[in-house]
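Commentary on secondary and tertiary structure
Here is how the chains run, residue by residue.
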Amino acid sequence: MTVTTNHSGIGNRLLDLVPAAPGPQSRKDFTSDQEVRWCPGCGDYAILATVQGFLPELGIARENVVFISGIGCSSRFPYYLQTYGMHSIHGRAPAIATGLATSRPDLSVWVVTGDGDALSIGGNHLLHALRRNVNLKILMFNNRIYGLTKGQYSPTSEVGKITKSTPYGSLDRPYNPVSLALGAEATFVARSVDSDRAHLTSVLRAAAEHPGTAFVEIFQNCNIFNDGAFDTLKDRSTRDDVTLRLVHGEPLVFGAEGDKGIRRADDGSLEVVSADAPGVLVHNASAAEPSQSFALSRLTGDTHGVTPIGVFRNVDVPTYDEALNKQVADAKAKQGEGDLMAMISGGETWTID
Amino acid sequence: MSEQVRERETRRLDRVVVRFAGDSGDGMQLTGEQFTSETATFGNDLSTLPDFPAEIRAPAGTPAGVSGFQLHFSDHDILTPGDAPDVLVAMNPAALKANLKDLPHGANLIVNTDSFTGGNLKKAGYATDPLTDGTLDPYVVHRVPLTSMTINAVHALEGGGGVNKKEAERAKNMFALGLMSWLYHRPTGGTEAFLTKKFAKRPEIAAANIAAFRAGFNYGETTESFTVTYEVAPARMKTGTYRRISGNLALSYGLVAAGELTGLSVFLGTYPITPASDILHELSKHKRFGVRTFQAEDEIAGVGAALGASFGGSLGVTTTSGPGVALKSETIGLAVSLELPLVIVDIQRGGPSTGLPTKTEQADLLQAMFGRNGEAPVPIVAPRSPGDCFDAAIEAARIATKYRTPVFLLSDGYLANGSEPWLLPTREELPDLSVTFTTEPNHTGDKGPEFWPYLRDPETLARPWAIPGTPGLEHRIGGIEKSDGPGNISYDPANHDRMVRLRAAKVAGIANDVPPLEVEDPSGAARVLVLGWGSTYGPIAAGCRRVRAKGLKVAQAHLRHLNPFPANTGEILRSYDKVIIPEMNLGQLRMLIRAEYLVDAIGYNQVRGLPFKAAELAGVLEDVINQ
């Protein structure tokens, strides 16, 4: 394996194991010849365009990029990228990607999934991928509905949602994906919005720079079955008043006039106060202790009138794949390469002449 | 103790079956293993059958918690762990209760009299004491106060051995081993060395166990209870170097070997499950071979990770038992569609559902064959003995890599935990399975050279294996139907029909790439064929020997490849008047044979969680021959 430093400024000790591209790449280099088959107006188009636009920035060889998906509308994503890819089965992409990433440190492995794929049928694999901190970048498109099966409620749908499978309203309470990821010991957790190309690109960049599992929730509009789910975050007239843009090291302040701030309430949760009130917090995504990130994840439009986007948590701890490959390397260094015949004839033997 | 040196008879036997039985905390497996080790070193042929409860510590003193270990050893080649014990060591009343029914009248019975207390008798379900109520009259009973003699021996060491009474008592299994080693003239040096090493960090425990072991041996010398000792001469076996091996160990070595022979890194994605976990334990030691083991969050993730590793160019392997296969089915179907190598090891156990986790069965054949949605053919390979698990694992990897397909390796609990002497292969005897990845475009399209991931090798019908990191061959694969050749998503009816048939033809074609089915028939004139697969080989062969010894004629054939069957299978089956298929299921191979060849095979089926007995099969064969 040739190890070359990447051409771009992006890098980390794991990304540096991926061979560099021979020269500058463009969006076209990452666009496959397959016809894109999402519904017209789907938020997935914007995400695809952003990813195709961002990948060249990584400066790594295209053939060393792999996208693995599960099942659902979002999971068609790999077909549209001129990289290696696998469109696997429902919910299992994190497991499949774990095997690939741990056995091939020279690859940049990405998982594309949806709210049903990742949080419902594949919930277990997502939790364990996050806890294990495998070097994967997981992009979860959250449209709060099942699209490909034509409109049933999902594990992120609001209570009482009227859908084809819940004509009297859905009964179960939704997951908060960011809270879930933080609770699962994720080392990198972020949220962005399909239509905000600049913000999404910045989050993808941060995810790529993170050594370990990166979990990115992307609010994605399903204009067929759940249109307008994130309109208040997208509408120019409302978005600045309801969106808290998390920036590491910056005060937690938002609002069109920058007049609102976040501070800790007496009960330990966070509350919205005037930006000039005492105790407005500064965002620290790299805190070893995730409590403040978790508290931020509990801020929602419904409960606090504000939704944070950006990087909630970003801490650098050893990854599973590094540790596993180190055990292999250490065993070889200490004991020498395996000798098959010595292994099988180990233990007590006897000879019959 | 008598000072008198008595003349004791030493009787020569050609074979012996011994069984150790005790509470699951009594260390019976260790005792049996160590007796087996002594026996292997001595040069006997042997076969073992551990039998233990699923509970780690079932209620102490009850028949449910009894753990047993049976060993058959001989001066000639043997095929089974033996039908019935010639000697039973019963460490407590429950062990006696659970095992006495298997002991033929006149057999030797060694009982630990110290454990026959009122409480223990009650726990075992004895209303009266079998030591005194005549229950044991039909047997040659040796009453040994094993516990107290062990404690005395240990506490006779300097300073009381530095162990408390409980620790001293725990060495009583070594007392039993010492006594049995004396009774059968086993070499003892290996056991003492083993104990010293095993308890290296607790030398006082090692000393206690060695003291108990020696005390047991010396007790045999001095007691008047035993008037006869036994000798079983070393077996005349094929020349070469041997070791004792269990099926799971041989299978693990086979997988490591397959990695070296294919030139691929082995990646095991798995989840702990009885009786397959020992393969994970073993493979996790062999990192110096580049073997990566991944204990996943569940069975599905285990096989998923293995398949992901195969996509990246590793030899993906997953190990499980029947319930795990059920969970992995969808991913195996994906592997069929992706046409990537994957070895699925199923160590079968009693089912359905949780079933009998520690008992053997071969009832997953149809699950392996058909347990997926759609037309999803998967080749199946089955080992016939513990040592054969090595070769079968290599064969499974050969088919998987050559044909880019998932392959089932169907072992079972009997092979997994049973052991036998294994003639070590030489490096030259192992096949070259080197794999070549595709690195160049394989098609010329309108815009120049292209890579078509589903453009097949015309001979094997295998598709090219181009791994991520190969420039210019970037491609996407998935579980949706693909167009024949380019591999793009295709919903075209004719294409789907073609792809289904191509995948089926690829697997069917393997029949021409496996050795023909061989028939063993010393008479050359048998009219009855007994057909088996998997771990029933030993009992069937032993049954055939018994039948032939009576002057009857019977032919034996044993299938290693269950899907596809060897090309000559139909021809062989049709050349006999009768075909009988003994299986530890309700007739799964028989169903396949009937469906495939329209041969009206007769079934003999038992699902008792135990291997067939040779005498039982001999009786069945005689009946069929004489009908």
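Residues numbered from 1 in each chain as written. Chains lettered and ligands numbered in written order. Predicted model: local features only at pLDDT ≥ 70, side-chain atom pairs only at ≥ 80, totals over all residues.

1. Some points on the overall build of chain A
Across its full length, chain A holds twelve helices and twelve strands. In terms of overall size, chain A behaves like a compact globule, its C-alpha atoms giving a radius of gyration of 22 Å where 353 residues would be expected to give roughly 20 Å. Projected onto the principal axes, the alpha-carbon positions of chain A cover approximately 90 × 50 × 45 Å. The contacts in chain A between residues at least 6 apart in sequence include a share of 66% that link residues at least 24 apart. (Helix = DSSP H or I, 4+ residues; strand = E, 2+ residues; numbered from the N terminus. Rg over C-alpha atoms; globule rule 2.2 N^0.38 Å. Contact = placed C-beta atoms within 7 Å.)

2. Side note on the environment of Ser 32 of chain A
Residues and elements named next belong to chain A. Position of Ser 32 among the secondary structure elements: in the segment before helix H1 (43–58). A count of 18 C-beta atoms within 10 Å places Ser 32 in the partly exposed class. Measuring from C-alpha to C-alpha, the distance between Ser 32 and Val 328 comes to 36 Å, with 296 residues separating the pair along the chain. In contact with Ser 32, not counting residues within four places along its chain, are Tyr 79, Tyr 80, Leu 81 and Gln 82. (Buried ≥ 20, exposed ≤ 12 C-beta atoms within 10 Å, placed from the backbone.)

3. A short note on the sheet that holds strand S4 (residues 66–74) of chain B
Residues and elements named next belong to chain B. A sheet is described by the order of its strands in space; here six strands give the open sequence S3-S4-S2-S5-S6-S7, paired in mixed fashion. Across the chains shown, the open sheet's two edge strands, defined by having one partner strand only, are strand S3 (45–51) and strand S7 (140–144). Across this sheet, the average inter-strand angle for adjacent strands is 15°, counted without regard to direction. Where strand S5 (residues 87–90) and strand S6 (residues 108–112) come together, four bridges link them in parallel fashion. Note on S6: the bridge partner recorded for Leu 88 is Leu 109. Where helix H1 (residues 28–42) meets the sheet, its contacts fall on strand S2 (15–23), S3 and S4, and the angle it forms with S4 comes to roughly 10°. Docked against the sheet, helix H6 (residues 172–183) engages S2, S5 and S6, running at close to 165° with respect to S2. (Pairing = 2+ DSSP bridges. Axes fitted to C-alpha atoms, helices over the stretch in contact; angles between N-to-C directions.)

4. What about the packing of helix H4 (residues 146–155) of chain B against helix H8 (residues 203–222) of chain B?
All names here are of chain B. Put simply, H4 and H8 touch, their axes get as near as 9 Å, and they point 120° apart. The angle between H4 and H8 places the two elements in the oblique class. H4 and H8 meet at a crossing whose hand is right-handed. Contacts from Met 149, Thr 150, Ala 153 and Val 154 of H4 reach H8 at Ala 208, Ala 211, Ala 212, Ala 215 and Tyr 219. Residue classes in the contact of H4 with H8 are distributed as eight nonpolar, one polar and no charged. (Parallel < 35°, antiparallel > 145°, perpendicular 65-115°, else oblique. Left-handed = near helix turned anticlockwise from the far one by under 90°. Nonpolar A, V, L, I, M, F, W, Y, C, P; charged D, E, K, R; others polar.)

5. Brief notes about helix H19 (residues 588–597) of chain B
Residue and element names in this part refer to chain B. Every buried residue belonging to H19 is among Gln 588, Leu 589, Arg 590, Leu 592 and Ile 593, and all of these are buried. Residues of H19 that are buried sit in contact with helix H13 (365–370), strand S21 (528–533), helix H18 (569–574), strand S24 (578–583) and strand S25 (602–605). Looking at the residues trailing H19, positive phi occurs at Leu 598, about 55°.

6. Things to note about the sheet that holds strand S4 (residues 136–142) of chain A
The mixed open sheet is built from nine strands, whose spatial order is S7(A)-S11(A)-S5(A)-S6(A)-S4(A)-S3(A)-S1(A)-S2(A)-S19(B). Taken across any chain shown, the strands that pair with only one partner, and hence form the sheet edges, are strand S7 (243–246) of chain A together with strand S19 (476–478) of chain B. The sheet shows a mean angle of 20° between the axes of neighbouring strands, direction not considered. As paired strands, strand S3 (residues 108–114) of chain A and S4 of chain A are joined by six bridges and run parallel to one another. For Val 109 of chain A, the partnering residue across the bridge sits in S4 of chain A and is Leu 136 of chain A.

7. Quick word on the pairing of strand S1 (residues 9–13) of chain B
All names here are of chain B. Among the five residues that make up S1, zero are buried, leaving the element largely open to the surroundings. Pairing of S1 with strand S8 (residues 228–232) involves five bridges; the strand directions are parallel. Counterpart to Leu 13 in the pairing with S8 is Val 232.

8. A look at the interface of chain B and chain A
In this complex, chain B contributes 58 residues to the contact, which on the side of chain A involves 52 residues. Sorting the residues of the side of chain B that touches chain A by element identifies H1, strand S9 (240–246), helix H9 (247–262), strand S10 (266–270), strand S11 (292–295), helix H11 (299–311), helix H12 (322–338) and S19 of chain B as the ones contributing at least two each. Looking at the side of chain B that touches chain A element by element, the count peaks at nine residues for H11 of chain B. When the residues that make up the side of chain B that touches chain A are grouped by side-chain class, the tally is 24 nonpolar, 23 polar and eleven charged.

9. Comments concerning the confidence of the model for chain B
All names here are of chain B. This prediction gives chain B a mean pLDDT of 95; 99% of its residues lie at or above 70. Contacts of residues 1–5 to residues separated by more than four positions or lying in other chains number two contacts, the stretch itself having pLDDT below 50. Two summary scores accompany this predicted model of the complex, namely pTM at 0.93 and ipTM at 0.96. (pLDDT = per-residue confidence, 0-100.)

10. Thoughts on the nonpolar core
Residue and element names in this part refer to chain B. Ala 393 and Leu 409 are the most contacted members of the largest nonpolar core, which has 202 residues in total. The biggest single contributor to this core is helix H14 (residues 388–403), with ten residues. If near-sequence neighbours (up to four positions away) are discounted, Ala 393 is found in contact with Leu 251, Gly 254, Leu 255, Ala 258 and Leu 409. One finds Met 28, Ala 94, Leu 109 and Leu 179 within the second-largest nonpolar core, a separate group that totals 58 residues. (Core = buried A, V, L, I, M, F, W, Y, C linked by C-beta atoms within 7 Å.)

11. Regarding the packing of helix H17 (residues 537–549) of chain B against helix H20 (residues 614–626) of chain B
Residues and elements named next belong to chain B. As a packed pair, H17 and H20 sit with axes 8 Å apart at the nearest point and diverge in direction by 60°. The angle between H17 and H20 places the two elements in the oblique class. In this structure, the crossing between H17 and H20 has a hand that is right-handed. Facing H17, whose interface residues are Pro 539, Ile 540, Ala 542, Gly 543, Cys 544, Arg 546 and Val 547, H20 presents Ala 614, Ala 615, Leu 617, Ala 618, Leu 621 and Glu 622. In the contact of H17 with H20, the residues fall into ten nonpolar, one polar and two charged.

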